[in-house]
Amino acid sequence: MANTDLDSVEQYDAIGTSPDRSDAKSKATGRAVFIEDMHFRGMLYGKVLRSKFAHARILSIDTARAEKMPGVRGVVTGADIPVLHGEALKDDCFLARDKVRYRGEGVAAVAAVDEETAEEALSLIDVCYEELPAVFDPEEAIKPEAPLIHEQLGAYRHAPGIEPISGTNICNYFHLEKGDVDKGFAEADLIIEDKFTTGMQQHCTLETHCGICLIDDDNRLTLWATNDSPYRTRKEIADALKIPQINVRVICAPYIGGNFGGKGGLKAEAAAIALAWKIRNKPIRVLFTREEEFTSAIVRHPSVIYLKTGVKKDGAITARAVRMYFATGAYAEKGPTITRFGGVSGAGPYNIPNVKIEASCVYTNRQLSGAMRGYSGPQAAWAYESHMDNVACKLGIDPLEFRLRHVYTDGDTHASGQEIYSEGLKECLEKIGERMEWGKKSLGRNRGKGVACMERAVKTPFGSAAFVKVNEDGTVDLLSSTTEVGQGADTVLCQIVAEELGVPFDWVKKATPDTSTTPYDTSTTSSRSTFHMGNAAKAAAADAKGQILKLAAELLKTNADDLAIKGGNVYLKDNGGSSLSIAQVLGKHFGHSATVLGRGFYYPHLEVPVEYFSTHMIFWLLGAHGVEVEVNRQTGEVKILKVYAAMDVGKALHPSNCTAQLEGGVSMGLGFALYENFIFRGGDFLNPSLLDYKIPTALEMPEIEPIIVECAHEEGPYGAKGIGETTNVSLPPALANAIYDAVGVRIHELPITPEKILYALKQVSEKKTQQRADADPATVGNPFGGKK
Amino acid sequence: MKTIMLTVNGEAYELAVAPNDMLLDVIRDKLDLTGAKKGCDTGACGACTVIMDGEPILSCMTLAVRCHGREITTIEGLAPRGELHPLQQAAIDHNAVQCGFCTPGWLLSAKALLDGNPHPSQEEVRTAIAGNLCRCTGYKKIEDAISAVAGRNQGVVKGKNRD
């Protein structure tokens, strides 16, 4: 189904060029408006009192003293808004009721004339708790004796396809089988088993979460927010408060200061809504502090993943079994669908005849885990790609060669049963191999090379809509609810409209998402916008263009089919000289009172029954990383010499934004691989600040070689797929594989700290000494019996 | 409250500030110069960077009362008459802007660097912006933008460079 001749035939004006981002100037001048720059007359400021216990019953809350404090306009607790919200599973409260389930959970909120007053009033609220036993580790939490975090799990409303197990801490169990794994393992000459784990990572968007909510006496709610998906949020609010969707208006801030999946759902919004539900007719702002970002927003799911692979001596893979645990924290958030996607991709992008995958989403008494760049891709790829090298090593086969032999290709069947199409993964690996001079160039002592690749599902099937308004002068407004979170969506969508309609790029402007004006979009997530909203915007532009051509055909007394638009001018295809501007066409027809409205809606149709988060995808995000490292054997420190980052984007609509995503993904992947982690001592969380939780600075960044692969998708706009979500995914295992190549140690737990490397080196050296003592020269220097 | 004199982007202000008011809050809330951002409020992210008497400072960690008589440049002062500073133009040309929340901060760190050292090495460029966290770009295009302006200072002509 790959449409490889798309780009060779067409000549584009806006597509495939890299115009200045439409938001670049306002951001470079500091004029871009973010939510913290927005103020409303009479606005109140909200602050949230947070639980100091990981798990405790709330015996009483006394707000009387806080309410009497001058400047305080109201105090709200869970009892004032006794409803549940959530996306796939509705288990979350606006403020805790009856018990708290993590340290940092909101227990009460205060609205006051300023933030200082609200903060001070929090100290006047008295809460009596009875502490309960807590559980933090997902494998502990699934034991029958573990404390139950949600007693009502069986009663919660949830989406189809989500399987909570009542009476346990498992809020979704996903299971997938292909072929017969027992038979596959029986046929194997060798079975290799591994366990891998990942820690917590936080999005660390430079802008923190914020919601400003106003609810009037008629239950009409307006929410201004740093939210990535206004329609999804509107639905969640309307469902929870049992009010019609038309009464909920979600308006995104003009610009959102970073997202990476972190700004979906109700975070700061929940407290703002709770306050506004009680204190009517006043806009109330809740802006998270940086500490709240760490304690009370969301994090990437910590995971424990077991892999078992059966192989023949010649390198054929006969079977793979995968068991995955995703720790979702105290509330499900997006955990159920993250687990589903992690499960679908658990065996990796390989053609394996017999596969069994089990994935569990497990409650713990930690902060919520949710969507974060890659969804569950980074955890899954960390495991299957570290494991692939381990398997290759055991077989004595080169790891890149081993991957190229097994990576699936068009016509193969995915573990989900879907036939693979538009696969550009092999090309990503081959290009990285070429650039790294794989197998040719040696880097020297204590240096090594590693590769890893990945697949990630794009959420399917979900719709997107767009309107195009052509103005009297021919300029164009694009109405779309895709949010500009830094990824460049505004720019690429305007490019698509400009291309399709035939107007200059800078004639097109995208409106700020607002559910009362911009049409439906499910979400700005999953790297779905270029493909889904791109198709909607393209269809809307084509619709508007058709109408303009029809009007022009009447004026020029010809057929619309004989006309085209370029540079904002309608011209006869046979005679480029005779042309009318769009403004002239509208003016001659309608005088000074004219517009043309185009509409577009895209929804992917698959040949499988419609499911909530289908296991068959309209496209797969595919990519690979190559890493060259040097390891210091004395300190355990890793110096990254160079990173090669490749993604199959289908068609690079804005090549510079593609490389920007590839580079940014390296930074986030490196942080996850090497140092980002939450440090806990029992229930206490020790590093909730950017001073103690380090993300990469300019000094940590290695040289990066971005590689764009274009394997066009026949249904994508101009062949495009997506990119931003997964440019971090395969970096950590590529790095671990390079470390193994350099010094022969395999790290199983992220992050790869110097301590872990030193410990592993020590173990290898002790093993060597032991082996020397045992006088068995055959395996000296090799912890796994392979090539090192 | 205490009265301080402050010159911001060339304009003189007489301001009444509380002893615990931070410079960031004063320029954002009292002067409506909202280009400087509050990303952490603990001096860790650099989004609040402004230039005081030629030096880049963290305005969220600077007490306003300590700024009496000082001269401040914010991002709004970089392009006073709608013209772009070469660094701003380079940020656009090199596609160094994504979400934009950190952009004013690193632009001011870069301006302070180039004002004092027109020919910085790449390492000096990286060190100058090491206090400005960016979660979007991976810093490569930011470094390219600053280096292009530094290169022009050296007479090296670097045009629009999009890979």
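Residues numbered from 1 in each chain as written. Chains lettered and ligands numbered in written order. Predicted model: local features only at pLDDT ≥ 70, side-chain atom pairs only at ≥ 80, totals over all residues. Heavy atoms only, no water.

(A) Quick peek at the overall build of chain A. Scanning chain A for helices and strands turns up 19 helices and 30 strands. Scaling as 2.2 N^0.38, a compact globule of 788 residues should have a C-alpha radius of gyration of about 28 Å, and chain A matches this with 27 Å. Here chain A, with 788 residues, has 64% of them falling under the buried criterion. Pairs at least 24 residues apart make up 79% of the contacts formed inside chain A by residues separated by at least 6 positions. On chain A, the mean spot of the 86 positive side-chain charges and the mean spot of the 102 negative ones are 2 Å from each other. (Helix = DSSP H or I, 4+ residues; strand = E, 2+ residues; numbered from the N terminus. Rg over C-alpha atoms; globule rule 2.2 N^0.38 Å. Buried < 20%, exposed > 50% of the residue type's maximum accessible area, 1.4 Å probe, protein only. Contact = heavy atoms within 4.5 Å. Lys, Arg positive; Asp, Glu negative; His and termini not counted. Charge placed at Lys NZ, Arg CZ, Asp CG, Glu CD.)

(B) Inspection of helix α1 (residues 23–30) of chain B at higher detail. All names here are of chain B. Residues Leu-23, Leu-24, Val-26, Ile-27 and Arg-28 constitute the buried set of α1. Of the surrounding secondary structure, the elements contacted by the buried residues of α1 are β1 (2–8), β2 (11–17), β3 (49–52), β4 (55–58) and β5 (70–73). One or two steps after α1, the chain reaches Asp-32, where phi turns positive at roughly 55°.

(C) Inspection of the interface of chain B and chain A at higher detail. Contact residues are listed per partner, giving 46 residues for chain B and 55 residues for chain A. When chain B packs against chain A, the two sides together hide about 4000 Å² of surface, and 56% of this comes from carbon and sulfur. Broken down residue by residue, the surface that chain B buries against chain A is led by Gln98(B), Phe101(B) and Arg135(B), which jointly contribute 21%. Connecting chain B to chain A are 5 salt bridges. In this structure, Arg28(B) and Asp37(A) form a salt bridge, with 2.8 Å as the shortest nitrogen-oxygen distance. There are 23 residue pairs in polar contact (both at pLDDT 80 or more) connecting chain B and chain A. Elements with a minimum of two residues in the side of chain B that touches chain A: α2 (86–93), α3 (103–116), α4 (122–128) and α5 (140–153) of chain B. Looking at the side of chain B that touches chain A, its residues break down into 20 nonpolar, 13 polar and 13 charged. (Buried area = accessible area lost by both parts, 1.4 Å probe. Salt bridge = Lys/Arg side-chain N within 4 Å of Asp/Glu carboxyl O. Polar contact = N/O pair within 3.5 Å; in protein donor to acceptor, adjacent residues only side chain to side chain. Nonpolar A, V, L, I, M, F, W, Y, C, P; charged D, E, K, R; others polar.)

(D) Fine view of unusual backbone geometry. All names here are of chain A. For the bond running from Thr-460 to Pro-461, omega is -5°, close enough to zero to count as cis. The omega angle of the peptide bond from Leu-750 to Pro-751 is -5°, so this bond is cis rather than trans. In this fold, Pro-751 is placed in the loop between α18 (731–743) and α19 (754–773). Of note, the phi angle at Lys-242 is positive, near 55°, even though the residue is not glycine. In this structure, Lys-242 sits in the loop between α7 (230–241) and β13 (248–252). With a phi angle near 50°, Lys-557 is a residue other than glycine that sits in the positive phi range. Take Lys-557: it is sitting in the loop between α15 (529–556) and β22 (563–566). The exposed category is assigned to Lys-557, whose relative accessible area is 74%.

(E) Structural view of the confidence of the model for chain A. The predicted model of chain A has a mean per-residue pLDDT of 95, with 97% of residues at 70 or higher. In this model residues 1–9 of chain A is a low-confidence stretch, pLDDT under 50, and it forms 15 contacts with partners more than four residues away in sequence or in other chains. (pLDDT = per-residue confidence, 0-100.)

(F) Representation of the sheet that holds β4(B) in the model. Residues and elements named next belong to chain B. What the 5 strands build is an open sheet, ordered β2-β1-β5-β3-β4; its pairing is mixed. Two strands close off the open sheet at either side, each with one partner strand: β2 and β4. On average, each strand axis in the sheet is inclined to that of its neighbour by 40°, with strand direction left out of account. Across the sheet, α1 is in contact with β1, β2, β3, β4 and β5; its angle to β2 comes to roughly 110°. The sheet contacts of α3 involve β3, β4 and β5, and relative to β3 the element is tilted by about 30°. (Pairing = 2+ DSSP bridges. Axes fitted to C-alpha atoms, helices over the stretch in contact; angles between N-to-C directions.)

(G) Broad picture of the nonpolar core. Residues Val468(A), Leu501(A), Val629(A), Leu735(A), Ile739(A) and Trp106(B) are the most contacted members of the largest nonpolar core, which totals 197 residues. Per element, the largest residue contribution to this core is 12 residues, and it comes from α15(A). Setting aside its immediate chain neighbours within four residues, Ile739(A) contacts Val629(A), Val631(A), Val638(A), Gly744(A), Val745(A), Ile752(A) and Ile757(A). (Core = buried A, V, L, I, M, F, W, Y, C linked by side-chain atoms within 4.5 Å.)

(H) Representation of the domain arrangement of chain A. Residue and element names in this part refer to chain A. Domain assignment breaks chain A into domain 1 (35–132 + 209–287), domain 2 (303–394 + 401–460 + 611–772) and domain 3 (462–602). Relative placement of domain 1 and domain 3: their C-alpha centres are 39 Å apart. Counting residues at the interface gives 18 residues for domain 1, matched by 19 residues for domain 3. Applying the counting criterion to the domain 1 and domain 3 interface returns 11 residue pairs in polar contact (both at pLDDT 80 or more). (Domains from an automatic or database assignment.)

(I) Representation of the packing of α2(B) against α3(B) within the structure. Residue and element names in this part refer to chain B. For the pair α2 and α3, the least separation of the axes is 10 Å and the interaxial angle reads 130°. Accordingly, the angle class assigned to the pair α2 and α3 is oblique. Handedness of the α2/α3 crossing: right-handed. Contacts from Leu-87, Gln-88 and Ala-91 of α2 reach α3 at Trp-106, Leu-107, Ala-110, Lys-111 and Leu-114. (Parallel < 35°, antiparallel > 145°, perpendicular 65-115°, else oblique. Left-handed = near helix turned anticlockwise from the far one by under 90°.)

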